[in-house]
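Spelled out, the chains give:
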Amino acid sequence: MDTRFDWQGGIAAIRKEHRKIDGKWLWMQYRLMAALAAFATAAEVIMYFLLQELRIPKVSSTVYLLKYLVAPFAANLLLTLGAALAVRSGLTETQKSYLVSTLLAVMAFVMYTVHAVFPALSSLFIIPLLLTVVYGDQRLTAYIAACCVGGKAVSDLLLRWDPSRIKVTDSVDTLVDFGLSLVLLAVFYGVCACMILMEQQKHEASIRLEQERQRLREESLRDQLTRVGNREALRQMFQTMEADQSGQRYFLAMMDLDDFKNLNDTYGHSQGDRYLRALGQVLLDLSKGETASFRFGGDEFCAVFWNCGPERVEQLCREIQRRYAAAAADCGSRQVSLSIGVAEYRRQESTEWLLDRADAILYRAKQNKGSILLETN
């Protein structure tokens, strides 16, 4: 069915907005990486001049600048550029979030390894882990948690960028501190996972509520017997037509089952309902892309056509008659024909006048039962 008459668009709109938010957060994550890299560089420059002022040279100025300023700056710059390329690439949003989050975890690893003489900097691993919570992806958060825990373990056990760094295995205290830091990272991951779970449940609840709201709205716009649109749905379709400034042509076809009153009087209303449902199903099957169908009242139905000219409209009306004749043959031994009158919508005229014109054309069509009468001027 055409999107202008799509009653299920609310859920798709919600998911689209969520994807937009994830896209915005991806850019924010990239900017945070750049800011973190700039802050680390600025802090190291300040530390260099502070050490010089206090005359506490750790190493020679050249070695210090190369080892603690140029090398980490170059690594962080490459990681930030990689993140910039990732967010601008043609990858899917999920792939981008994994790649940028991984690069941020690597940045935390670089900064911690270079400055591991300060144990408090192990908290750097919390940053990439925390930033994944917004995506609401348990797998992503678990993956980054594994990267952070593994990265810290590798840095503590295998790397000594700063020669003055105390080895983890030097004492029981340092070994216990190492184990506790990994446990705390794991606990923090557990907290993040619980937060994601709660957000997912809230999201799913909002989706269910929106689905129920859409279902109720759809039901309020459908005829209960035939399942085509009701008078309120037709009114909304008319509003769309009146608001459309594209110059697109619209046609309104009014259709009526011939001698339907006699059918009800002779065979009963339950038999008559079978014919109504048969026509409703035919109209529903054809209500795709260029047609929307409605029950106007009793045995009178109507259809709105767009994106087509008079010849196509007449072709569709004949297709409705043909399919209905085949469906009606299964409803009972009595054949009930279908008459159709079609009027084209004129700009600036009221839809009430359009209805009156189409109804008058239908009345003329019923003089020759089972005919189609089209007025386009």
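Read on for a plain summary of the structure.

The rules we used
- Residues numbered from 1 in each chain as written.
- Predicted model: local features only at pLDDT ≥ 70, side-chain atom pairs only at ≥ 80, totals over all residues.
- Heavy atoms only, no water.
- Helix = DSSP H or I, 4+ residues; strand = E, 2+ residues; numbered from the N terminus.
- Rg over C-alpha atoms; globule rule 2.2 N^0.38 Å.
- Contact = heavy atoms within 4.5 Å.
- Lys, Arg positive; Asp, Glu negative; His and termini not counted.
- Charge placed at Lys NZ, Arg CZ, Asp CG, Glu CD.
- Patch = residues over 30% accessible without salt bridge, like charges linked within 9 Å, V, L, I, M, F, W, Y side chains within 5 Å.
- Areas by Shrake-Rupley, 256 points an atom, 1.4 Å probe, with all protein chains shown as cover.
- Salt bridge = Lys/Arg side-chain N within 4 Å of Asp/Glu carboxyl O.
- Buried < 20%, exposed > 50% of the residue type's maximum accessible area, 1.4 Å probe, protein only.
- Pairing = 2+ DSSP bridges.

With that settled, the discussion passes to the overall build of the protein chain. Check the secondary structure of the protein chain and you find eleven helices and five strands. Rg of the C-alpha trace for the protein chain: 35 Å, well past the compact-globule value of 21 Å for 377 residues, more than 25% over. Reported as C-alpha extents along the three principal axes, the dimensions of the protein chain are approximately 110 × 40 × 25 Å. Restricting to contacts in the protein chain with at least 6 residues of sequence separation, those with at least 24 account for 72%. Charge separation in the protein chain, taken as the distance between the mean sites of 43 positive and 42 negative side-chain charges, equals 4 Å.

The next thing to look at is a negative patch on the surface. On the surface, Glu242, Glu352, Asp356 and Asp359 cluster together to form a negatively charged patch. Tracing the backbone through its elements, the reader meets Glu242 in helix H7 (residues 231–243). For Glu242, a relative accessible area of 37% puts it in the partly exposed group.

Let's shift gears to the pairing of strand E1 (residues 250–257). With eight of eight residues buried, E1 is to be regarded as a mostly interior element. Here E1 shows a buried face lined by Tyr250, Leu252, Met254 and Asp256 and a second buried face lined by Phe251, Ala253, Met255 and Leu257. Pairing analysis gives seven bridges linking E1 to strand E3 (residues 300–306), with the strands arranged antiparallel. Paired with Met254 across the two strands is Cys302, which belongs to E3. In this sheet, strand E4 (residues 338–344) lies alongside E1 in antiparallel orientation, the contact comprising seven bridges. By the bridge assignment for E4, Met255 is matched with Ile340.

In terms of burial, E4 is a largely internal element, seven of the seven residues being buried. A two-sided burial pattern is seen for E4, the buried positions comprising Leu338, Ile340, Val342 and Glu344 on one face and Ser339, Gly341 and Ala343 on the other. When E4 meets strand E5 (residues 372–375), the two strands line up parallel, connected through four bridges. Within E5, the position partnered with Val342 by the bridge is Leu374.

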